[in-house]
Structures are given as C-alpha cells and as structure tokens.
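Descriptive analysis of the structure
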Amino acid sequence: MSADRTGAGPSSPAIDPRIEELRLSVDALDRRIVALLAERTAVVRELTGFKRDEETVRSPGRVEQVVAKVRGLADEHGMPPGIAEATYRTLIDELTGMQMVLLEERRAAAAAAAGSAAGAVAGSTAGAAAGEGP
C-alpha cells in the first residue's frame, strides 16, 4: 500500500495534479493581492493626515465612486461585480475604522500639545508675576 502525493492514506482518493497547480497559483495571487492591499493601506494612512474630521474620513460620496469604479473594473475583467463590491465595502469599512483611530490619535496628540504649551505659558506667567525671570 502506498500513499498518494498528498500524504493522505491509501483510502483517500488522489488529488488531480491540476488542482495542486491551481492552488499554487491562488497562493501566489494571494501574496500579490495582500501586497497591493498593504500598499493601498499605506496610501490611505498618509491620506488620513489631510483629513480633519469624521465627515471627510467617511466621505460617503467617495465610497460610492470607488464602489462603482471597482464594479465596472470587475465587469471588464470578467469577474462578478458583486464580489468586487462586497470586497471593497469590507475593505473600505476596515480602512475607515483605521482612519478614525488615526484621526482620534492625532486629535489627542494635538490636545496634549496644546495643554503642554498652555501649561508652559501659565508657568512662565506665574513666575514673572512672582518676580522670577531670566
């Protein structure tokens, strides 16, 4: 009794070699897709630096433009547009969440910096009033 190429036992049916080839192709495509999604995420992260409020982060009009664009691209490439739309809506939801966190972190840092600056000015003013100074 010998096992097939998949390492399955003798009672398991052999997997068609073409299935293995196609799975390897899918794995290679997944590596490229994730690399592109990481690149897209980096661009969105940088873009977040230019956004000042939740409305500009959420940008519902822009979301619909992107969804319409990817549906058209999917159709051009022979892919069901619904797959592209569902994928992008999930991607956009996740990236919007990331942007909201980044926006809040930036706001908190700005508030802390403003508080530190105000404290330094108040301390300087109080010292001057007490006759202290350089």
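Owing to the predicted nature of the structure, the values given are computational and were not obtained by experimental measurement. (Residues numbered from 1 in each chain as written. Predicted model: local features only at pLDDT ≥ 70, side-chain atom pairs only at ≥ 80, totals over all residues. Heavy atoms only, no water.)

**Points about a nonpolar patch on the surface**
Formally: A patch consists of residues whose relative accessible area exceeds 30% and which take part in no salt bridge; residues with like charges are grouped when within 9 Å of each other, and nonpolar side chains (Val, Leu, Ile, Met, Phe, Trp, Tyr) when within 5 Å. Calculation of accessible area relied on Shrake-Rupley with a 1.4 Å probe; when residues are assessed, cover is drawn exclusively from the protein chains displayed. Whenever a carboxyl oxygen of Asp or Glu lies within 4 Å of a side-chain nitrogen of Lys or Arg, that contact is scored as a salt bridge. Numbering of helices and strands runs from the N terminus; a helix is a DSSP stretch of H or I covering at least four residues, while a strand is a stretch of E covering at least two. Burial classification: accessible surface area is computed with a 1.4 Å probe over protein chains only, and a residue below 20% of its type maximum counts as buried, one above 50% as exposed, and the rest as partly exposed.
A contiguous nonpolar surface patch, about 240 Å² in accessible area, is contributed by Leu29, Ile33 and Leu37. Within the secondary structure, Leu29 sits in helix H1 (residues 17-48). Overall, Leu29 belongs to the partly exposed group, its relative accessible area being 41%.

**A closer look at the layout of surface pockets**
Just so we agree on the cut-off: A 1.4 Å probe that fits but cannot get out identifies a cavity on a 1 Å grid over protein atoms alone, an open set with protein on both sides within 12 Å along at least five of seven lines counts as a pocket, and a residue lines either if it has an atom within 4 Å of a point. Grid points are joined across faces, edges and corners, and a volume is the space filled by probe spheres set on the points. Charged residues are taken to be Asp, Glu, Lys and Arg, nonpolar residues to be Ala, Val, Leu, Ile, Met, Phe, Trp, Tyr, Cys and Pro, and polar residues to be all remaining types, Gly included.
Put simply, the largest pocket is a space of about 420 Å³. Taken together, 14 residues form the lining of the largest pocket, with Ile33, Leu37, Met79, Thr87 and Tyr88 sitting closest to its centre. When residues in the lining of the largest pocket are grouped by element, the largest group, 5 residues, is from helix H4 (residues 81-129). Its residues assigned to classes, the lining of the largest pocket comprises 11 nonpolar, 2 polar and 1 charged. For the second largest pocket, the calculated volume is near 350 Å³. Looking at the lining of the second largest pocket residue by residue, the class counts come to 10 nonpolar, 3 polar and 5 charged.

**Topic: the side chain of Thr48**
Just so we agree on the cut-off: Throughout, a contact is declared for two residues whenever any of their heavy atoms are within 4.5 Å.
Residue placement: Thr48 occurs in helix H1. Beyond its immediate chain neighbours, meaning those up to four positions away, Thr48 contacts Gln99, Leu102, Leu103 and Arg106.

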